[in-house]
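Each chain, letter by letter, is given below.
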Amino acid sequence: MASLRASELLIASGRVAVNGNNRLELGVKVDPTRDRITLDGKSVSLLSELHRYLVLHKPTGVTSTTSDRYASKTVLDLAPSDMGRLYPVGRLDRETSGLLLLTNDGAFANLMMHPRHHVPRVYRARVKGILQPETLDVLRSGVDLEDGKTQPSHVRRLPALTVPDADALEITVFEGRNRQVRRMLEAVGHPVTALCRVAIGPLKLGRLPRGRWREMTRGEVEQLRALALRTTAPAV
């Protein structure tokens, strides 16, 4: 209904009432399932205003769109039905698995997706062939794509996961371009055979099983919000 400061002014002016009582102290606790809250005599549904933040381990074969008549399953089919309407924060393509955020907080979603904030996203990829050092340098410094050169990325090989004809990489990107990691690796001649997003900023996928979700802690939400507000483009 209003910002925190504006809400305090509404309460102090007597325009907000709980169960008919408008003589309220700031910070009074209410139970939205039992108490009736009104603003200027009109009921306010607190439950519809509660913000939810979920971490989902998206499996391959599931689309990140909220509706797709051609998709057998979307990420919303995996989300809890009792939390109201949730929306994915950005997208993972159908064949990419891993960490995806769901929320009903539009301001938080816009903050996370806005290109100027450069929130790091970490992926693990298996690719065809073994990358040479000069190819790794190209990925790190920027790859020329049809929509422009990518920003510098952090790239490291994962020797423990590498086999003779397929390399394994961890790539951290700071942009939100469509299918960026796949396009970067294809551009340097090493197409992706498997891709998983394992982290967004300090938030890690961890051992969350595929197809399962958990609610983010308040600390995790605030960490991501603070990171987005202070993050600038990575140094070359």
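Figured I'd write up the structure that's included with this text.

Procedures and definitions
- Residues numbered from 1 in each chain as written.
- Predicted model: local features only at pLDDT ≥ 70, side-chain atom pairs only at ≥ 80, totals over all residues.
- Heavy atoms only, no water.
- Pairing = 2+ DSSP bridges.
- Helix = DSSP H or I, 4+ residues; strand = E, 2+ residues; numbered from the N terminus.
- Phe/Tyr/Trp six-rings, centres within 6.5 Å; stacked < 30°, edge-to-face > 60°.
- Buried < 20%, exposed > 50% of the residue type's maximum accessible area, 1.4 Å probe, protein only.
- Salt bridge = Lys/Arg side-chain N within 4 Å of Asp/Glu carboxyl O.
- Lys, Arg positive; Asp, Glu negative; His and termini not counted.
- Polar contact = N/O pair within 3.5 Å; in protein donor to acceptor, adjacent residues only side chain to side chain.
- Contact = heavy atoms within 4.5 Å.
- Core = buried A, V, L, I, M, F, W, Y, C linked by side-chain atoms within 4.5 Å.
- Arc of directions from axis to C-beta.
- Expected span 1.5 Å × (residues − 1).

1. Re the sheet that holds strand E1 (residues 16-18)
- The strand order E1-E2-E3 describes an open sheet built from three strands, whose pairing is antiparallel. Whereas interior strands pair on both sides, the edge strands pair on one side only; in this sheet they are E1 and strand E3 (42-43).
- Relative to E3, strand E2 (residues 37-39) is paired through two bridges, and the arrangement is antiparallel. The residue bridging Leu39 from the neighbouring strand is Lys42, located in E3.

2. A short note on the packing of aromatic side chains
- Tallied over the entire structure, the rule returns one aromatic pair.
- Here the aromatic rings of Tyr53 and Phe108 are separated by 5.2 Å at their centres, their planes lie at 85°, and the arrangement is edge-to-face. Of this pair, Tyr53 sits in strand E4 (residues 53-58) while Phe108 sits in helix H2 (residues 106-113); the two residues are 55 residues apart in sequence, bridging distant segments of the chain.
- For Tyr53, a relative accessible area of 12% gives the class buried.
- The class of Phe108 is buried, set by a relative accessible area of 2%.

3. Here's the deal with the pattern of salt bridges
- Applying the stated criterion across every chain, the model contains 16 salt bridges.
- Note that Asp40 is salt-bridged to Arg15, the shortest N-O span being 2.7 Å. Of this pair, Asp40 sits in the loop between E2 and E3 while Arg15 sits in the loop between helix H1 (4-12) and E1, and the two are 25 residues apart along the sequence.
- With relative accessibility at 38%, the residue Arg15 sits in the partly exposed group.
- Between Glu215 and Arg52 there is a salt bridge, and its shortest N-O distance comes to 3.8 Å. Here Glu215 is found in strand E14 (residues 213-215), whereas its partner Arg52 is found in the loop between E3 and E4, with 163 residues between them in sequence.
- The partly exposed category is assigned to Glu215, whose relative accessible area is 37%.
- Overlapping salt bridges bring together Glu146, Asp147, Glu175, Arg177 and Arg183 as one network.

4. Focus on the side chain of Lys58
- Inspection of the secondary structure puts Lys58 in strand E4.
- An unpaired buried charge is present at Lys58: no salt bridge exists, and Asp93, the closest side chain of opposite charge, is 6.2 Å distant.
- Within the structure, Lys58 has its side chain in polar contact with the backbone oxygen of Asp93 (distance 3.3 Å).
- When near neighbours in sequence (up to four residues on either side) are disregarded, Lys58 contacts Ser64, Val75, Leu92, Asp93, Arg94, Thr96, Ser97 and Gly98.

5. Overview of the nonpolar core
- Within the largest apolar cluster, 29 residues are counted, with the highest numbers of intra-cluster contacts made by Leu102, Leu139, Leu169, Ile171, Val181 and Leu185.
- Contributing elements (two or more residues each) for this core: E4, strand E6 (97-103), strand E7 (121-128), helix H3 (133-141), strand E11 (166-173), helix H4 (180-187) and strand E12 (192-200).
- Once residues within four sequence positions are removed from consideration, Leu102 is found in contact with Arg52, Tyr53, Leu54, Leu56, Val75, Ala79, Leu86, Tyr87 and Pro88.
- Val55, Phe108, Leu205 and Val221 belong to the second-largest nonpolar core, a separate cluster that totals 23 residues.

6. Considerations on H3
- Within H3, the full set of buried residues consists of Thr135, Leu136 and Leu139. Burial along H3 is one-sided: seen end-on, the buried residues are contained in an arc of 100°. Across H3 from its buried face, at more than 90 degrees, point the exposed residues Pro133 and Glu134.
- Immediately downstream of H3, the backbone of Gly142 shows phi near 135°, a positive value.

7. Side note on the pairing of E7
- In terms of strand pairing, E7 meets E11 through eight bridges, oriented antiparallel. Residue pairing for E11: Ala125 is matched across the bridge by Leu169.

8. Things to note about helix H5 (residues 218-230)
- The end-to-end C-alpha distance of H5, which contains 13 residues, comes to 18 Å, matching closely the 18 Å that a straight helix rising 1.5 Å per residue would cover.
- The set of residues buried in H5 consists of Glu220, Val221, Leu224, Leu227 and Ala228. One side of H5 carries all its buried residues, which in axial view fall inside an arc of 130°. Structural note: H5 exposes Arg218, Leu229 and Arg230 on the side pointing more than 90 degrees away from its buried face.
- On its buried face, H5 sits against E4, E6, H2, E12, strand E13 (203-204) and E14.

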